[in-house]
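Listed below are the residues making up each chain.
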Amino acid sequence: QDPILYTNTNQGQQAVVSTQSTGAVNMFEPSRDNFPLCIVWSPIPCLTWLIPIVGHLGVVTSDGVVNDFAGPYFVHKHKSRTAFGPIAKYYKIDPTSDIRVDKNEGHNEQIEKWDESIECSSLAYEGMVHMLLWNNCHSHVAMALNKLHFRGVTHWNTLFLICFMCLFSRYVSWKRMFFVWLPFLIMVAIILLISLLVHGVNN
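Note that the coordinates shown come from a computational prediction; the quantities given were computed from them, not determined experimentally.

A. Layout of the overall build of the chain. Per the secondary structure count, the chain includes six helices and 11 strands. The 203 residues of the chain split such that 42% are buried. In the structure as shown, the chain presents an accessible area of about 11100 Å², 62% of it carried by carbon and sulfur atoms.

B. Seen up close, the environment of Met131. Within the secondary structure, Met131 sits in the loop between α3 (107–125) and α4 (137–147). For Met131, a relative accessible area of 31% translates into the label partly exposed. Separated by 59 residues in the primary sequence, Met131 and Pro72 place their C-alpha atoms 8.1 Å from one another.

C. Structural context of the packing of aromatic side chains. Per the counting criterion, the structure on display carries 11 aromatic pairs. Between Phe150 and Phe164 the ring centres are 5.8 Å apart and the planes differ by 75 degrees, which places this aromatic pair in the edge-to-face class. Placement of the pair is Phe150 in the loop between α4 and α5 (158–168) and Phe164 in helix α5, with a sequence separation of 14 residues. Pair check on accessibility: Phe150 and Phe164 agree, each one buried. Seen from their ring centres, Phe178 and Phe179 are 5.5 Å apart, and the 75 degrees between their planes marks the pair as edge-to-face. One aromatic cluster is present, formed by Tyr91, Phe150, Trp156, Phe164 and Phe168 through successive ring pairs. Its end group placed over the ring of Trp41, Lys89 keeps NZ or CZ at 4.5 Å from the ring centre. Over the ring of Phe28 we find Lys92, and its NZ or CZ is 5.4 Å from the ring centre.

D. Representation of the layout of surface pockets within the structure. Reported here for the second largest pocket is a volume of approximately 280 Å³. Taken together, 17 residues line the second largest pocket, and the ones lying closest to its centre are Ile44, Leu47, Val54, Gly55 and Leu132. Every element with two or more residues in the lining of the second largest pocket is listed here: β6 (66–71), α4 and α5. Within the lining of the second largest pocket, the residues separate by chemical class into 11 nonpolar, six polar and no charged.

E. The side chain of His56, seen in detail. Relative to the assigned elements, His56 resides in strand β5 (residues 56–60). At a separation of 2.7 Å, a polar atom in the side chain of His56 contacts the side chain of Asp68. Setting aside chain neighbours within four positions, we find His56 in contact with Val40, Trp41, Ser42, Ile44, Asp68, Phe69, Ala70, Thr82, Ala83, Phe84 and Cys137.

F. The arrangement of the pattern of salt bridges in detail. On inspection of all chains with the given rule, the structure shows four salt bridges. Ionic pairing is found between Glu29 and Arg32, a salt bridge with its closest N-O pair at 3.6 Å. By relative accessible area, Glu29 is classed as buried at 6%. Among the salt bridges present, the one from Glu119 reaches Lys77, with a minimum N-O distance of 3.9 Å. Separated by 42 residues along the polypeptide, Glu119 in helix α3 and Lys77 in strand β7 (residues 74–78) bring together distant segments of the chain. Given a relative accessible area of 37%, Glu119 falls into the partly exposed group.

About the thresholds
- Residues numbered from 1 in each chain as written.
- Predicted model: local features only at pLDDT ≥ 70, side-chain atom pairs only at ≥ 80, totals over all residues.
- Heavy atoms only, no water.
- Helix = DSSP H or I, 4+ residues; strand = E, 2+ residues; numbered from the N terminus.
- Buried < 20%, exposed > 50% of the residue type's maximum accessible area, 1.4 Å probe, protein only.
- Areas by Shrake-Rupley, 256 points an atom, 1.4 Å probe, with all protein chains shown as cover.
- Phe/Tyr/Trp six-rings, centres within 6.5 Å; stacked < 30°, edge-to-face > 60°.
- Lys NZ or Arg CZ within 6 Å of the ring centre and 35° of its normal.
- 1 Å grid on protein atoms, 1.4 Å probe; cavity = no way out; pocket = protein on both sides within 12 Å on 5 of 7 lines; lining within 4 Å.
- Points joined across faces, edges and corners; volume = space filled by probe spheres on them.
- Nonpolar A, V, L, I, M, F, W, Y, C, P; charged D, E, K, R; others polar.
- Polar contact = N/O pair within 3.5 Å; in protein donor to acceptor, adjacent residues only side chain to side chain.
- Contact = heavy atoms within 4.5 Å.
- Salt bridge = Lys/Arg side-chain N within 4 Å of Asp/Glu carboxyl O.

Structural measurements only, silent on function.
Right, dumping it as structure tokens:
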């Protein structure tokens, strides 16, 4: 089996190096927007402002390419961001525990399964119409995860993934968390201010 190594970056943070049979080294380094083997999340303007836990979901191959279903017949692919901009949250998968594997399969086979499931899901969704509440970016990710029996589950869907990312994802940085929640907090503050002014006038 090929090892997963842990190294220190220049910023003193821990990075994960995944070494595959091809000899390629893929760095997991959120501070530099490198997210191989991750589920990633970006805010959607207006929608996330109103409901901060709802955003745009993508899934990342072992070589760090983000795949996200961004519109009718279109799967966006990029090395560091989704179609809606920089990644704000991520969940780093552990191939040995998150993906169902046969006893004789090693690390390389687990990684290959991950990449194949993403490619299969992306090819399928390149032929589909995008809908807001169903057949959306979450559905695209769910198809890939269901093929892998991700965490022993084969019925991932939009609602499950929203809850999963709320509970288990991590923000890339305090700055990006701040910008996710800032519009919502401003709107709440405005509503409270208006309510206080109206209450004061009525009294």
